[in-house]
Amino acid sequence: MSVYTDIPYAAADPEGSRGHLLDLYVPAGQGRRPLLIVMGGSAWLGDNGKAYAAQLAPHFTAAGYVVAGVSTRSSAQTRFPGQLHDVKAAIRWLRVHAREYGIDPARFAVLGDSSGGWTATMAGVTGEVRGLEGDVGVTGVSSRVQAVVDLYGPTDFLVMDAHMLPGACESFNELMGVSDCHNDVGSPESRLVGCAIQTCPDRVWAANPIRYVTPGAPPFLIAHGQQDLLVPHHQSELLYAALKRACVAATFFSVPGVGHSKNIVSPDNAESDVRSTVHCRDTTPPATRPTLDTIESFLDSALRVRAGAPATS
């Protein structure tokens, strides 16, 4: 595996920041390979989301994927839709440079956890929304992706507090230094959109990925811990329901005993409550846990590739 770090996909903004950098993990061998773009969550407070890719790259490069860790700007550096403009710019840059790194430009997937899951989901459902492309970095190239893995990302900010687990807002307030949970003017969601979320529903609606779900959305794998104390499990329920209504292929793993944790992919977790839909019909779930092997199988199916082999030669 070859590793390329701190590649700028656009000029730093602000100067000296890390939000326009990506890392690439390229497996040995020849041919055009599918790409998995990875973004770690930070409640939109950090600009180094690309670091999460280092945890996943060994598994997915061994399976024949190029892995890109992508960073986007923090909410202190830009308000929404800046983060979406960033990931779209990274996708476009990777498409333009696909041949250089042995990437198949027709087979892109995105994966993220928490706020990174929101970013991945937004990228997945807005591939055809021209008004959200932005002008960051490379332009004039498609930002569409062909599969999405959303690990416990938020969706509808306005109803988060109503579905927090008992006592969760108290711990959330302490962690985030706020007093009114997600509705607080200093909450991560309010910082993202630039106002206390309940005072600016139009801005919040613009940042809600459910707004953009259409039958043309790519397949989704969603996983959410039932004991999540930061992002209510209900947020993923809403996304899955919207995808099903639009007849988008989707599988939702509701994982018991797991909170807001990257360990949601552990094979040691209890079996999930799983829902799966294709063409608006319930289907037999493909697995009982959202492990890395399960995610790999999902990506192989969505991108129509054989694990461990180049997509095209």
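What you are looking at is a predicted structure, and each value in this text was computed from that prediction instead of being measured.

Moving on to the sheet that holds strand β1 (residues 2–8). Within a sheet, adjacent strands bond to each other through the backbone by hydrogen bonds, running parallel or antiparallel. The strand order β1-β2-β4-β3-β5-β6-β7-β8-β9-β10 describes an open sheet built from ten strands, whose pairing is mixed. Each edge of the open sheet carries a strand with a single partner, namely β1 and β10 (281–282). Pairing of strand β3 (residues 33–39) with strand β5 (residues 103–113), which is carried by six bridges, proceeds in the parallel orientation. Bridging from a neighbouring strand, R33 pairs with I103 of β5. On top of the sheet, helix α2 (residues 82–96) reaches β1, β2 (21–26), β3, β4 (66–70) and β5; it is set at about 150 degrees to β5, its chief contact. Set on the sheet, helix α7 (residues 234–245) makes contact with β6 (147–151), β7 (220–225), β8 (250–255), β9 (273–278) and β10; between it and β7 the angle comes to about 155 degrees.

Turning our eyes to something else, we now look at the layout of surface pockets. Of the volumes computed, that of the largest pocket is approximately 350 Å³. If you go around the largest pocket, you meet 19 residues; those closest to its centre are P219, A249, F298, S301 and A302. Partitioning the lining of the largest pocket into residue classes produces eleven nonpolar, seven polar and one charged. One number sums up the size of the second largest pocket: a volume of about 160 Å³. Breaking the lining of the second largest pocket down by element, the ones donating at least two residues are α4 (168–176) and α5 (188–193). Its residues placed into classes, the lining of the second largest pocket shows eight nonpolar, six polar and one charged.

Our focus in this paragraph is the packing of aromatic side chains. The full count for this structure, using the stated rule, is seven aromatic pairs. Between the aromatic rings of Y4 and Y101, the centroid separation amounts to 5.3 Å while the plane-to-plane angle is 70 degrees, which identifies the pairing as edge-to-face. Of the two residues, Y4 sits in strand β1 while Y101 sits in the loop between α2 and β5, which places them 97 residues apart along the sequence. Owing to a relative accessible area of 35%, Y4 belongs among the partly exposed residues under this scheme.

Turning our attention to the nonpolar core. Residues L24, I37, L94 and F157 are the most contacted members of the largest nonpolar core, which totals 60 residues. With seven residues, α2 is the largest single contributor of residues to this core. In terms of nonpolar packing, the next biggest core, distinct from the first, is built from 31 residues, Y25, L36, V38 and F253 among them.

So, about the state of the cysteines. Taken as a whole, this structure holds three disulfides when the rule is applied. Covalently, C195 is tied to C200 through a disulfide, its sulfur atoms 1.8 Å apart. A torsion of 90 degrees about the S-S bond marks the disulfide between C195 and C200 as right-handed. In the chain, the cysteines engaged in disulfides, taken in order along the sequence, are linked 1-2, 3-4, 5-6.

In this section: the packing of α2 against helix α3 (residues 115–125). Their axes nearest at 10 Å, the elements α2 and α3 cross at an angle of 65 degrees. With respect to α3, the element α2 is oriented roughly perpendicular. Crossing geometry of α2 relative to α3 is assigned as right-handed. Here Q83, L84, V87 and I91 of α2 lie close against α3, whose contacting residues are W118, T119, M122 and A123. Per-class residue counts for the contact of α2 with α3 are six nonpolar, two polar and no charged.

Bringing the pairing of β5 into the picture now. Counting buried residues in β5 gives eight out of eleven residues, a clear majority hidden from the surface. A crossover links β5 with its parallel partner β6, the connecting element being α3, and its sense is right-handed.

What follows concerns α3. Within α3, eleven of the eleven residues are buried, leaving the element largely enclosed by the surrounding structure. When α3 is considered as a whole, its buried residues turn out to be S115, G116, G117, W118, T119, A120, T121, M122, A123, G124 and V125.

Here the focus is the packing of helix α1 (residues 53–62) against helix α8 (residues 292–303). Viewed as axis vectors pointing N to C, α1 and α8 meet at an angle of 55 degrees, and their least axial separation amounts to 11 Å. Our classification of the angle between α1 and α8 gives oblique. Helix-helix and strand crossings are classified by hand; for α1 and α8 the assignment is right-handed. Touching L56, H59 and F60 of α1 are L292, D293, I295, E296 and L299, all from α8. Looking at the contact of α1 with α8 residue by residue, the classes come out as five nonpolar, one polar and two charged.

So, how was this worked out
- Residues numbered from 1 in each chain as written.
- Predicted model: local features only at pLDDT ≥ 70, side-chain atom pairs only at ≥ 80, totals over all residues.
- Heavy atoms only, no water.
- Pairing = 2+ DSSP bridges.
- Helix = DSSP H or I, 4+ residues; strand = E, 2+ residues; numbered from the N terminus.
- Contact = heavy atoms within 4.5 Å.
- Axes fitted to C-alpha atoms, helices over the stretch in contact; angles between N-to-C directions.
- 1 Å grid on protein atoms, 1.4 Å probe; cavity = no way out; pocket = protein on both sides within 12 Å on 5 of 7 lines; lining within 4 Å.
- Points joined across faces, edges and corners; volume = space filled by probe spheres on them.
- Nonpolar A, V, L, I, M, F, W, Y, C, P; charged D, E, K, R; others polar.
- Phe/Tyr/Trp six-rings, centres within 6.5 Å; stacked < 30°, edge-to-face > 60°.
- Buried < 20%, exposed > 50% of the residue type's maximum accessible area, 1.4 Å probe, protein only.
- Core = buried A, V, L, I, M, F, W, Y, C linked by side-chain atoms within 4.5 Å.
- Disulfide = S-S within 2.5 Å.
- Parallel < 35°, antiparallel > 145°, perpendicular 65-115°, else oblique.
- Left-handed = near helix turned anticlockwise from the far one by under 90°.
- Right-handed = clockwise from strand over helix to strand, strands pointing away.

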